[in-house]
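# Survey of secondary and tertiary structure
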Amino acid sequence: MKKKLFDMFAELFGDSEGARFYFSPGRVNLIGEHTDYNGGHVFPCALTLGTYGAARKREDNKIHFYSMNLDSFDVVEASLDDLTNKKEYNWANYPLGVVWAFKEKGHTITSGFDMVIWGNIPNGSGLSSSASLEVLTGVILTDLFEIKDLSMTDLALIGQYSENNFNGCNCGIMDQFAVAMGKKDHAIFLDTSDLSYEYAPCVLDGAKIVITNSKVKHSLVDSAYNDRRNECAAALKALQSELDIQALGDLTPEEFEAHKSLIKDEIQLQRAKHAVYENQRTIDAVTALKAGDIESFGKLMNQSHISLRDDYDVSCEEIDILVDLAWKIPGVLGSRITGGGFGGCTVSIVKNESVDTFIETIGKTYLEKVGHEAEFYTVDIGDGASRLD
Ligand code: GAF
């Protein structure tokens, strides 16, 4: 990979002398969906799929971005003197947003730079290709400009800040955190109320994590996502009329049941119910995994899907077809939608001996029912973003 990237770098920018090599993963969330902006728990892991980057400082203030995945696009040229989101920058608004966020937060970027990327995370599939790119850019900037006082958690927060304020998606912290803090063979049990976290070993005995890409992405994803956030915020406000809580994640399911009549709007009630119960499911799932009980872990994943489908309303027909098919296959311990929703991927825990049947059976029936193929990735859990050499 390095050679391909550096050859392209040299073709575009004269030579690759002094360019540095970086990697930033994608992520899959095992359980704990739409809890990260509700002060709840999440349980994602970094993947070995990700975004590779080559970068080098320039002597002027120009910033060049090139993606080897999108060769229909030319080099995007921006400038350190004009850090604004422009439609024609397309995908490059993600890395540019991070440069902007660094400056906003008072970190000095002394010159422009050239950056070439290539990634193997399917775009728009809910596996965090944008968070991967944001954290990659953060790692590149701290390294090229010798910014010493930023931790990986800070880089995750800067990535989120840029996505919220430069690119207009009001996402939580889960994706950037998982990408920045990932650890090989571990998932991250993160409490988003205070960013305390714990690594939980995630080598599943006799089973694999299989991601299925529905290859659909429904429109208005960002606006529907922001709507869910607003509905949760409104439900919280209603509960705060009597309860001293900061977030929906502060409530146990029992406390929620005792006070839910404060929420008068039916939709807000459903959204809040999901957030509260999903948080509890995540805590229970990690307890089960630590005890080696992947059967219970899988059942909680299934319940998570039902709640995301019925109460949170972020699933869609194609994803429900994939999950329903998965649930019928012997050896599938759990299966659910993963990520923001409205298309994208499912994540399933499948016993080793059932993986081939899973891929064949679901692949064939999905094609018949939906009219296009699904893609399958049997994934490994990898490390967070870093400079490679
Ligand atoms: C998207 C967001 F970016 C995350 O912050 C999280 O809310 C997720 O959807 C849903 O769990 O990936």
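Residues numbered from 1 in each chain as written. Predicted model: local features only at pLDDT ≥ 70, side-chain atom pairs only at ≥ 80, totals over all residues.

### Some thoughts on the nonpolar core
- Counting residues in hydrophobic clusters, the biggest one holds 97 residues, and the most contacted among them are V135, A156 and A180.
- A total of 9 residues in this core trace back to one element, the largest contributor, which is strand 2 (residues 41–57).
- Mapped onto the domain boundaries, this core takes at least three residues apiece from domain 1 (1–202 + 383–388) and domain 2 (207–379).
- Ignoring any residue separated from it by four or fewer positions in sequence, one finds A180 in contact with V135, M152, T153, L155, A156, G384 and A385. (Core = buried A, V, L, I, M, F, W, Y, C linked by C-beta atoms within 7 Å. Buried ≥ 20, exposed ≤ 12 C-beta atoms within 10 Å, placed from the backbone. Helix = DSSP H or I, 4+ residues; strand = E, 2+ residues; numbered from the N terminus. Domains from an automatic or database assignment. Contact = placed C-beta atoms within 7 Å.)

### Here's the deal with the domain arrangement of the protein
- Entries for the protein in the domain assignment read domain 1 (1–202 + 383–388) and domain 2 (207–379).
- Centre-to-centre separation of domain 1 and domain 2, based on C-alpha positions: 26 Å.
- Contact residues are listed per partner, giving 28 residues for domain 1 and 40 residues for domain 2.
- Mapped by element, the contributors of at least two residues to the side of domain 1 that touches domain 2 are strand 1 (20–31) and strand 2.

### Focus on the sheet that holds strand 8 (residues 207–217)
- On the basis of which strands lie adjacent, the open sheet formed by 4 strands has the order 9-10-8-11 and antiparallel pairing. Each edge of the open sheet carries a strand with a single partner, namely strand 9 (332–338) and strand 11 (375–379). Pairs of neighbouring strands in the sheet enclose a mean axial angle of 20 degrees, with direction left out of account.
- Strands strand 8, strand 9 and strand 10 (343–351) of the sheet are contacted by helix 10 (residues 317–328), whose axis makes an angle of about 170 degrees with strand 9. (Pairing = 2+ DSSP bridges. Axes fitted to C-alpha atoms, helices over the stretch in contact; angles between N-to-C directions.)

### So, the packing of helix 8 (residues 266–290) against helix 9 (residues 294–310)
- With their axes 8 Å apart at the nearest point, helix 8 and helix 9 run at an angle of 165 degrees to one another. In this view, helix 8 runs roughly antiparallel relative to helix 9, as classed from their interaxial angle. Handedness of the helix 8/helix 9 crossing: left-handed. Judged by residue contacts, H274, Y277, E278, R281, D284, A285, A288 and L289 of helix 8 engage I294, S296, F297, L300, Q303, S304, S307 and L308 from helix 9.
- Across the contact of helix 8 with helix 9, the residue classes tally to 8 nonpolar, 5 polar and 3 charged. (Parallel < 35°, antiparallel > 145°, perpendicular 65-115°, else oblique. Left-handed = near helix turned anticlockwise from the far one by under 90°. Nonpolar A, V, L, I, M, F, W, Y, C, P; charged D, E, K, R; others polar.)

### Focus: the UniProt feature "active site" (unreviewed entry) in the protein
- Feature annotation in UniProt places "active site" (unreviewed entry) on D175, given in this structure's numbering.
- Its location among the elements puts D175 in helix 5 (residues 174–181). (UniProt positions renumbered as here; feature names shortened; annotations may be inferred.)

### Describing the packing of helix 3 (residues 129–144) against helix 5
- Look at helix 3 against helix 5: their axes get within 9 Å of each other, and the N-to-C directions meet at 55 degrees. The orientation of helix 3 with respect to helix 5, classified from their angle, is oblique. Regarding helix 3 and helix 5, the two cross each other, and that crossing is right-handed. Side by side, helix 3 and helix 5 meet where A131, S132, E134 and V135 of the first sit next to D175, Q176, V179 and A180 of the second.
- Per-class residue counts for the contact of helix 3 with helix 5 are 4 nonpolar, 2 polar and 2 charged.

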